[in-house]
Amino acid sequence: DTGVSQNPRHKITKRGQNVTFRCDPISEHNRLYWYRQTLGQGPEFLTYFQNEAQLEKSRLLSDRFSAERPKGSFSTLEIQRTEQGDSAMYLCASSTDRLINSPLHFGNGTRLTVT
Amino acid sequence: EDKVVQSPLSLVVHEGDTVTLNCSYEVTNFRSLLWYKQEKKAPTFLFMLTSSGIEKKSGRLSSILDKKELFSILNITATQTGDSAIYLCAVYNNAGNMLTFGGGTRLMVKP
């Protein structure tokens, strides 16, 4: 399978705990995105990497959220001191900068439930 | 701030019906508009539109963009139960490299 891979598929955690998600993009894609989606809503942009550089971050992203892409390949998204409002599907996507309007290719997401 | 609005929010039709989904946008320096289909998990790419008036077609699905009126439509003819999904519209602007999504239209096709 050469698509975008996300782990874990589901995560249930108690409020106040830290969680970390991983995303492996399509191998030749140098752009990587994190989005969050809640029920009945479209995906909401969180952050974007070009290679290992984090180039954009949503103003909505609280300082409890941090993302890394240390070697320009896989990425991790960490949420510290989780809150119930963090419950959502976290989607990762990748694309290439070889095309001006390259479509994003999404993974199946990590569903986070904070109890 | 870029804005994408989709309508209707949800739609229930019977197999064989034709549906039209709408997407309007307000974008600074518009670059392109994309349609995605989301069933249970990952949104999957359907179409990208950059020019007005040029229809993109794939089987029973087609889409067109109007850059003057700032909207796009997605048509599905002879709907099937497998078309049941959330259809998402998203736009790129020239300033950045991220997609801004609308809230989606949930389509249910009944047998």
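Described below are features of the structure shown in this document. (Residues numbered from 1 in each chain as written. Chains lettered and ligands numbered in written order. Predicted model: local features only at pLDDT ≥ 70, side-chain atom pairs only at ≥ 80, totals over all residues. Heavy atoms only, no water.)

1. Some words on the overall build of chain A
Each helix and strand counted, chain A has zero helices and 11 strands in total. What you see for chain A is a C-alpha radius of gyration of 13 Å, in line with the 13 Å of a compact globule of 115 residues. In terms of overall dimensions, chain A has C-alpha extents of about 40 × 25 × 25 Å along its principal axes. Looking at chain A as a whole, 49% of its 115 residues qualify as buried. (Helix = DSSP H or I, 4+ residues; strand = E, 2+ residues; numbered from the N terminus. Rg over C-alpha atoms; globule rule 2.2 N^0.38 Å. Buried < 20%, exposed > 50% of the residue type's maximum accessible area, 1.4 Å probe, protein only.)

2. Focus: the overall build of chain B
Helices and strands together make up the secondary structure of chain B, namely zero helices and 11 strands. Starting at the N terminus and ending at the C terminus, chain B contains elements arranged as β-β-β-β-β-β-β-β-β-β-β. The C-alpha radius of gyration of chain B comes to 13 Å, within 12% of the 13 Å expected for a compact globule of 111 residues. Split into buried and exposed, the 111 residues of chain B put 49% on the buried side. Total accessible area on chain B stands at roughly 5,400 Å², and carbon and sulfur atoms take up 50% of it. (Areas by Shrake-Rupley, 256 points an atom, 1.4 Å probe, with all protein chains shown as cover.)

3. Remarks on the packing of aromatic side chains
In total, this model carries 12 aromatic pairs over all chains according to the counting rule given. Here tyrosine 33 of chain A and tyrosine 35 of chain A contribute two aromatic rings whose centre-to-centre distance is 6.5 Å and whose plane-to-plane angle is 35°, an arrangement assigned as tilted. You'll find tyrosine 33 of chain A and tyrosine 35 of chain A in the same group, each marked buried. Seen from their ring centres, phenylalanine 106 of chain A and tyrosine 36 of chain B are 5.6 Å apart, and the 85° between their planes marks the pair as edge-to-face. Placement of the pair is phenylalanine 106 of chain A in strand β10 (residues 105–106) and tyrosine 36 of chain B in strand β4 (residues 30–38), with the two residues belonging to separate chains. There is no split in this pair, since phenylalanine 106 of chain A and tyrosine 36 of chain B are both buried. Taken together, the aromatic side chains of Tyr33, Tyr35, Phe45, Tyr48 and Phe106 of chain A together with Tyr36, Phe45 and Phe101 of chain B make up a single cluster linked through ring pairs. For the cation-ring pair, arginine 22 of chain A lies above phenylalanine 74 of chain A, with the distance from its terminal atom to the ring centre recorded as 3.9 Å. Cation over ring: arginine 31 of chain B sits above tyrosine 92 of chain B, and NZ or CZ is 4.7 Å from the ring centre. (Phe/Tyr/Trp six-rings, centres within 6.5 Å; stacked < 30°, edge-to-face > 60°. Lys NZ or Arg CZ within 6 Å of the ring centre and 35° of its normal.)

4. A short note on the state of the cysteines
Put plainly, two cysteines are in a disulfide when a covalent bond ties their sulfur atoms together. Considering all chains together, one arrives at two disulfides over all chains under this definition. With its sulfur 1.9 Å from that of its partner, cysteine 23 of chain A forms a disulfide with cysteine 92 of chain A. Taking the sign of the torsion about the S-S bond as the criterion, the disulfide between cysteine 23 of chain A and cysteine 92 of chain A, at about -70°, is left-handed. Here cysteine 23 of chain A is found in strand β3 (residues 19–24), whereas its partner cysteine 92 of chain A is found in strand β9 (residues 88–95), with 69 residues between them in sequence. Neither residue differs from the other here; cysteine 23 of chain A and cysteine 92 of chain A are each classed as buried. Two residues, cysteine 23 of chain B and cysteine 89 of chain B, share a disulfide whose sulfurs are 1.9 Å apart. Because the sign of the S-S torsion sets the handedness, a value of about -65° for the bond joining cysteine 23 of chain B and cysteine 89 of chain B places this disulfide among the left-handed ones. One end of the pair, cysteine 23 of chain B, is in strand β3 (residues 19–26); the other, cysteine 89 of chain B, is in strand β9 (residues 85–93), and 66 residues separate them in sequence. Given a relative accessible area of 0%, cysteine 89 of chain B falls into the buried group. (Disulfide = S-S within 2.5 Å.)

5. Some remarks on the interface of chain B and chain A
Each side of the interface is counted separately: chain B has 21 residues, and chain A has 22 residues. Carbon and sulfur atoms make up 53% of the surface buried where chain B meets chain A, a total of about 1,800 Å² over both sides. Together, Lys41, Asn97 and Met98 of chain B form the three largest contributors to the area buried by chain B at its contact with chain A, with a combined 28%. Run the count over chain B and chain A and you get one salt bridge. With its nearest N and O atoms 3.5 Å apart, the salt bridge here joins glutamate 1 of chain B to arginine 59 of chain A. Where chain B meets chain A, there are six residue pairs in polar contact (both at pLDDT 80 or more). Mapped by element, the contributors of at least two residues to the side of chain B that touches chain A are β4, β5 (43–49) and β9 of chain B. (Contact = heavy atoms within 4.5 Å. Buried area = accessible area lost by both parts, 1.4 Å probe. Salt bridge = Lys/Arg side-chain N within 4 Å of Asp/Glu carboxyl O. Polar contact = N/O pair within 3.5 Å; in protein donor to acceptor, adjacent residues only side chain to side chain.)

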